[in-house]
Amino acid sequence: MAQELSSAEVARYRRDGYLFPLDGFDGSEVRAINAALEQARNDARALGLEAELPQLLRSNVQYLLPCVVDVARAPPLLDRVASILGPDILLWSAEFFVKGAHTDKIVSWHQDLTYWGLGETDEEMTAWLALSDVSVESGCMRFIPGSHQQKILPHRDTFAESNLLSRGQEVAVDVDENDAVDVVLKPGQVSFHHGRIFHASGPNRSDHDRVGLVFRFLTPRVRQLVAQRDYAMLLRGIDATNNWIHVAPPAGNYEAASLRLREQVTREQSVALAAGAAQPMHAGYQAPD
Ligand SMILES: O=C(O)CCC(=O)C(=O)O
């Protein structure tokens, strides 16, 4: 049975620029996803990829792990994404946002679309799936309601080591934190957010890792405007544009050809991410973020 959003939920997303909590996956499904990810970690070790794993998981992980594409395609996620973006859906990037227990890693206030080269579009959205408990204490995201109604504003680079973003970028206006909404999620719950919403997250003061699996969805009408070309996976519907190079889902974990393709795509996308930066990105940075 299709699991679309109600018209009231779609209206809330359009008004506020976010929607949560959405019940995505139940306890046994979350355990199955986490077990598939544990297997993926073991496979990485067996292939000698352990040292690179944090970077490999940080962006474009859909090229490497079939289980990630399976989650992106699951009706509780994709039917609801279709309620916002319509019937033709591309997956541009899947990323893990992990904050270890008791770490100071934060994400500064920013708008996602700033450095992606995809323009001001309303046809991109993020689905953030909680794979652990996500609370204020563990450093949940925070949103400023309605801030997506603004254009992309100037950002400044901090390159702060504690920042999970590659440029440590932050929006160069004062954000009134009193307006912020805490995106508290139970494992298996999902939040949606618009590419121009102001959002941030604080340190993890809890005893457990805070784990989010994050999907960037687009319609085929979105175009890469900065890098020479761009790549995406068609998950539903058709793409009648010439805007995207389509990539097939992987058949197994870390196939050699997929690792090479991911590296090439990430290198090409980094042209947009690095545009205008005054210094190199964090060591081992990975576009997009
Ligand atoms: O996971 C976080 O703390 C931040 C995630 C984020 O900025 C995003 O998904 O756009």
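For the structure itself, consult the block above.
This text gives an overview of the structure that appears in the document. (Residues numbered from 1 in each chain as written. Predicted model: local features only at pLDDT ≥ 70, side-chain atom pairs only at ≥ 80, totals over all residues. Heavy atoms only, no water.)

A word on the sheet that holds strand 10 (residues 199-201)
Hydrogen bonds between backbone atoms are what pair the strands of a sheet, whose relative direction is either parallel or antiparallel. Pairing is antiparallel in the open sheet, where four strands are placed in the order 3-10-5-8. Only two strands of the sheet have a single neighbouring strand rather than two, namely strand 3 (107-110) and strand 8 (181-182). In this sheet, strand 10 lies alongside strand 5 (residues 141-143) in antiparallel orientation, the contact comprising three bridges. Among the inter-strand pairings, F143 is bridged to a residue of strand 10, identified as H199. (Pairing = 2+ DSSP bridges. Helix = DSSP H or I, 4+ residues; strand = E, 2+ residues; numbered from the N terminus.)

What to know about the site of the ligand
Neighbouring the ligand are 13 residues; D112, H199, S201, R210 and R216 lie closest to it. A distance of 3.0 Å is found between an oxygen atom of the ligand and a side-chain nitrogen or oxygen belonging to D112. A distance of 3.0 Å separates an oxygen atom of the ligand from a polar atom in the side chain of R216. Taking 290 Å² as the accessible area of the ligand by itself, protein coverage stands at 100%. Examining the composition of the shell around the ligand, we find that three residues originate from one element, strand 11 (residues 210-218), more than from any other. Here the shell around the ligand is built from residues that sort into five nonpolar, four polar and four charged. (Near = heavy atom within 4 Å. Polar contact = N/O pair within 3.5 Å; in protein donor to acceptor, adjacent residues only side chain to side chain. Areas by Shrake-Rupley, 256 points an atom, 1.4 Å probe, with all protein chains shown as cover. Nonpolar A, V, L, I, M, F, W, Y, C, P; charged D, E, K, R; others polar.)

Structural notes on helix 4 (residues 66-73)
Within helix 4, six of the eight residues are buried, which leaves it mostly tucked inside the rest of the structure. Here helix 4 has its buried residues at P66, C67, V68, V69, V71 and A72. Summarising the contacts, the buried residues of helix 4 are in contact with helix 2 (27-46), helix 5 (75-85), strand 2 (89-99), strand 4 (124-130), strand 11 and strand 12 (231-236). (Buried < 20%, exposed > 50% of the residue type's maximum accessible area, 1.4 Å probe, protein only. Contact = heavy atoms within 4.5 Å.)

A look at the sheet that holds strand 9 (residues 189-194)
On the basis of which strands lie adjacent, the open sheet formed by seven strands has the order 1-9-4-11-2-12-13 and mixed pairing. Each edge of the open sheet carries a strand with a single partner, namely strand 1 (18-23) and strand 13 (245-246). The sheet strands contacting helix 4 are strand 2, strand 4, strand 11 and strand 12, and the helix crosses strand 12 at an angle near 50°. (Axes fitted to C-alpha atoms, helices over the stretch in contact; angles between N-to-C directions.)

Notes on the environment of R223
When you line up the elements, R223 lands in the loop between strand 11 and strand 12. Between the C-alpha atom of R223 and that of N243, which follows or precedes it by 20 residues, the distance is 5.7 Å. Setting aside anything within four residues of it in sequence, one finds R223 in contact with G117, L118, N243 and W244.

Observations regarding the packing of aromatic side chains
For the coordinates displayed, the defined rule picks out five aromatic pairs. Ring geometry for Y18 and F20: centres 5.8 Å apart, planes at 40°, overall tilted. On the basis of relative accessible area, Y18 is assigned to the buried category, the value being 11%. Their ring planes at 55° and their centres at 5.0 Å tell us that W92 and W116 sit as a pair that is tilted. Of this pair, W92 sits in strand 2 while W116 sits in the loop between strand 3 and strand 4, and the two are 24 residues apart along the sequence. Residue classification places W92 among the buried positions, given a relative accessible area of 1%. (Phe/Tyr/Trp six-rings, centres within 6.5 Å; stacked < 30°, edge-to-face > 60°.)

Brief notes about the nonpolar core
By size, the foremost hydrophobic cluster in this structure holds 51 residues, and its most contacted members are L65, F96, L131, F192, F215 and F217. A per-element tally of this core places helix 5 first, with six residues. The residues touching L131, leaving out its near neighbours within four places in the chain, are V30, I33, N34, L37, F96, V211 and L213. (Core = buried A, V, L, I, M, F, W, Y, C linked by side-chain atoms within 4.5 Å.)

Focus: the pairing of strand 12
Both strand 2 and strand 12 contribute to a ladder of three bridges, which runs antiparallel. Each bridged residue has a counterpart across the sheet, and for I89 the counterpart in strand 12 is R236. As paired strands, strand 12 and strand 13 are joined by two bridges and run parallel to one another. For Y231, the partnering residue across the bridge sits in strand 13 and is I245.

Some points on the packing of helix 4 against helix 5
Direction vectors running N to C along helix 4 and helix 5 enclose 50°, while the axes themselves pass 5 Å from each other. Here helix 4 lies oblique to helix 5, going by the angle between them. Along the contact surface, helix 4 presents V71, A72 and R73, while helix 5 presents P75, L77 and L78. Looking at the contact of helix 4 with helix 5 residue by residue, the classes come out as five nonpolar, no polar and one charged. (Parallel < 35°, antiparallel > 145°, perpendicular 65-115°, else oblique.)

So, the environment of C140
One can find C140 in the loop between strand 4 and strand 5. What makes C140 buried here is its relative accessible area of 3%. Placed 60 residues apart in sequence, C140 and A200 show a C-alpha to C-alpha distance of 8.5 Å. Leave out the neighbours within four places in its chain, and C140 touches V134, S135, D182, V183, V184, A200, S201, G202 and R210.

So yeah, pure geometry; function would need other evidence.
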